[in-house]
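Each chain is listed here by its residues.
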Amino acid sequence: MADSGSEDIAVIGNTDLTPSESENNLKNTMVEKGTSLLKKMEISVAEAEKRTGKNAVNMQETYTVYLIETRPVDAASEGNNPVPDSLWRRYSEFELLRNYLLVTYPFVVVPPLPEKRAEFVWHKLSADNMDPDFVERRRVGLENFLLRVASHPALSSDKIFYLFLTEENGWKETVFETGFQAKADSRLKALHATFRVKNPDKRFAEMKHYGDELQAVISQLLRVRARAADRLYGVYKVHGNYGRVFSEWSAIEKEMGDGLQSAGHHMDAYAASVDDILEEEEHYADQLKEYLFYADALRTVCRKHELTQYELEMAVQDLTSKKQQREELATGTIRTFSLKGMTSKLFGQETPEQREAKLKMLETQIEEGEELVKERNSECDEFVKSAWVDIERFKEQKDHDLREALISYAIMQISMCKKGIQVWNNAKECFNKM
Amino acid sequence: MSESIVDNIVPSGNSSVAIPTDISGQILDLDEDDDLEVFSKDTSTTLTDGSSFNASMQTSPASMINQYKLEEEEEDADTKDIFVTVDNPESHVTAIETYITYRVETKTTRSEFDSSEFEVRRRYQDFLWLKGRLEEAHPTLIVHPLPEKFVMKGMVERFNEDFIETRRRALHKFLNKIAQHPIFSSSEDFKIFLTAGTGELTSHKKQGPGFLSRMGETVKAVAAAVRGVRNRPQEFTDMQEYAEAFSQKISSLDKITQRIIREQKEYLEELKECGPTYTLWSQSEEELAEPLKNVAGCEDRCYKETEEQVKHLNDHLIPVLHEYVLCADTLKAVLRRRDNIQADFEGKAEALATKKADRDAMSDELDKAENRLEGANNALKSDWIRWQKVMRSDLRSAFIDTAERNVSYYEKCLAVWETFLQSQRTDAEGNGKVDSS
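Residues numbered from 1 in each chain as written. Chains lettered and ligands numbered in written order. Predicted model: local features only at pLDDT ≥ 70, side-chain atom pairs only at ≥ 80, totals over all residues. Heavy atoms only, no water.

A. How the structure looks around the interface of chain A and chain B. At the junction of the two partners, chain A supplies 54 residues and chain B supplies 60 residues. With both chains or domains summed, chain A and chain B bury close to 5600 Å², and 72% of this area falls on carbon and sulfur atoms. When residues of chain A are sorted by the area they lose upon contact with chain B, R231(A), Y242(A) and R403(A) head the list and together hold 12% of the total. Connecting chain A to chain B are 7 salt bridges. (Contact = heavy atoms within 4.5 Å. Buried area = accessible area lost by both parts, 1.4 Å probe. Salt bridge = Lys/Arg side-chain N within 4 Å of Asp/Glu carboxyl O.)

Structure (structure tokens):
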């Protein structure tokens, strides 16, 4: 598209979309939820498998692949259960898909992937990527990701996403052919650049701040609960020693022996019960982690808005300075300092012909500049509109999901308490028999 | 475990306790009465198989077993005729020292007491004195342990509130154990301990066996220990093994429980952060603020319950386990003393066999030593049984108490979370929220 005068303004994905493309995107976000892909297709990540192969630097590596199964929704309702279509994907391909979505739909709070490496683990939980529990939790996370994308009003109709689910071979090439990579690189550069926006949209600034807070507080919560889980594990496991000693003691007692022995078994059961409890807690942690990563996605959208705003402001600034230059040239007064101006002063005035040529060039540039400003203005407006729609959607989803998570956390605590009551009541019965 | 200990049931005549009430003097003075005779006749036959019931026993095995069961229940009922309370610790400051005294209140219907109610103040030293007197008078009876002088672990100060309270409870238990003991409770020293004014007690203390005589006893004991026992009856060896094993087990339980408390405390440290984190989060949210604050409240309440739970464990289970760790040491000490008495007898028997002169005097002494040994053995055996019953009852109660406390803890936490669930359900209904996923 049109180039602005200076080179250091990044070219971002949005400006590369033709007006008709952006219109299309807008249409998609306004589409009712009823047309989400999930209405037509069942999606699941059914299995995980280990593979070995040569990597990019020709070294042997072991990695995990995940089986994606899809099936038309009405297939099951016909009574027969046809074999689902399936293909294998590895984590890096999911990452590629997500990066593509991030670049192509910058106004969408894109669902996050499950974590690449296990973090916030309490010590008994493995931080090893090959650990079967980690792989299983990741499988669930990947399925969740696909379901979220498939139910998103804008993302679910994306062609690349559809191909990800259905075309095993050649998908990578297809993605690269969209040229998103170039946009991705420049986008990455832009997002890390520091700049200041003169008129930030208050709502986005607040959202960004909220994203920061959410990320901080969920991180803290995850850390706290990981440490607490560690300690709780210790408490339960030490009770196992009671079992051992009761058993040994029962051997030297006559009347007390039976009661002690059976009480000891319950102590062993108590100690063992913590493993299940903490596994359930991991599920809760995963729900929190999803929103930890969502917070990042939210901030990305806000940052993108800032960028858009900044570019508009840059274009406006540039136009203003060009207009000023024209004025100076026309009236012969130099108000703004420019190297050219200075050199011309030093080395003599320009000829009228040179002046004329310059003016003409400036006129063209101003015309182009005005076009650019108009474009960027409408881009900004569109971005704000569609981003805000998605942010509202995200807020509702987040409130619902996190509330459900808190409820299931409470249910989990209740279950833990019930188990405790049962074990200690049983132990009490045994002690009674001592 | 050796059957002889358990099956060798002590006959009881009409009284509700297993051992005749007043043989305290008789063990040393060797006066015989019916009960004691039956007692000693029973044990003079070989002790290993429980089927050798003596014909002169007044009750049949079946009714003895019944009596046993009755005794367990009766101890809880109002056959207690003496009630002792230890409370009200007070600090006393003198020029030389600072110390704590405890109020000891006695209510009794026993005839040997001049009145039915007494109130005195005693310090830890006085309890130590009483224990020493009882042990001296009855070397092979099992005296319940006193709390230790100071606790080195955790650097507890003597005047720390918790320490004083723990000690008070232990002293209360000590006196009650003495009061419930068939022989100790009728000890003159015990009576004086409960009733005498401070000055009176001090002068009575001075009347005890003098330094020299106590030294003499100690020398005898050392000599006997050095000599060693030759023919220790199997049942006492079995007791020794039991005491060792019991000591190990109960110490392990003590350590395990302390470890649990430590882990719980560390858990509490982390749990403390939970509530505040949820509260912090609620400040950034709108719709979620209420459930988050609610969860914060739940975590805080669970924290408090856990704190209470740990305190209970510390204040109730630990002291009992600790008492029985000390008891195990007492058992070993009692067995050692019995061994010494036997060694003394054996030594004298040997001496008599070898020496020619002074036979009469030595024969007399030998008789005394033999009677002393027999008395000691009998006393130990019956007290062993009594002790086992008490131990079983105490530890059972302590474990049941702990289990009940744990159940109660979980019930309380359960209620906390169920309230939260309830609130979320009614909220959802109230706002007409529909599942939008």
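Continuing now.
B. Layout of the sheet that holds strand β3 (residues 117-123) of chain B. Residues and elements named next belong to chain B. Strand order in the open sheet formed by 3 strands is β1-β2-β3, with antiparallel pairing between adjacent strands. What marks the edges here is a single partner per strand, and that holds for β1 (82-93) and β3. Across the sheet, the axes of successive neighbouring strands diverge by a mean angle of 20°, strand direction being ignored. Taken together, the 7 bridges between strand β2 (residues 98-108) and β3 define a ladder with antiparallel strand orientation. (Pairing = 2+ DSSP bridges. Helix = DSSP H or I, 4+ residues; strand = E, 2+ residues; numbered from the N terminus. Axes fitted to C-alpha atoms, helices over the stretch in contact; angles between N-to-C directions.)

C. Seen up close, the domain arrangement of chain B. Residue and element names in this part refer to chain B. According to the domain assignment, chain B contains domain 1 (78-208) and domain 2 (229-425). If you average the C-alpha positions of domain 1 and of domain 2, the two centres end up 22 Å apart. The partner domain 2 presents 23 residues to the 16 residues of domain 1 that form the contact. Carbon and sulfur atoms make up 58% of the area that domain 1 and domain 2 hide from each other, which totals about 1800 Å². For the pair domain 1 and domain 2, the number of links is 2 salt bridges. D394 is the salt-bridge partner of K177, the closest N and O atoms lying 2.8 Å from each other. A total of 3 residues in the side of domain 1 that touches domain 2 trace back to one element, the largest contributor, which is helix α6 (residues 161-180). Taken together, the residues of the side of domain 1 that touches domain 2 break down into 7 nonpolar, 3 polar and 6 charged. (Domains from an automatic or database assignment. Nonpolar A, V, L, I, M, F, W, Y, C, P; charged D, E, K, R; others polar.)

D. Broad picture of the pattern of salt bridges. Residue and element names in this part refer to chain A. Applying the stated rule across the entire model yields 57 salt bridges over all chains. One salt bridge connects E248 with R244, and the closest N-O pair in it is separated by 3.7 Å. Placement of both E248 and R244 in helix α9 (residues 202-250) is noted, with a separation of 4 residues, approximately one turn of the helix. Looking at R244, the relative accessible area reads 44%, which means it is partly exposed. When salt bridges with common partners are traced through the structure, they connect R137, R225, E281, E282 and D286 into a single cluster. (Buried < 20%, exposed > 50% of the residue type's maximum accessible area, 1.4 Å probe, protein only.)

E. How the structure looks around the nonpolar core. Judged by nonpolar contacts, the single largest core of 157 residues is most densely connected at W249(A), F246(B) and L395(B). Per-element tally for this core: the top contributor is helix α12 (residues 352-432) of chain A, with 22 residues. In this structure, L395(B) is in contact with W249(A), M434(A), F246(B), I250(B), V320(B), L321(B) and Y324(B), ignoring residues within four places of it in sequence. Residues V84(B), V143(B), I164(B) and F184(B) belong to the second largest nonpolar core, which totals 32 residues. (Core = buried A, V, L, I, M, F, W, Y, C linked by side-chain atoms within 4.5 Å.)

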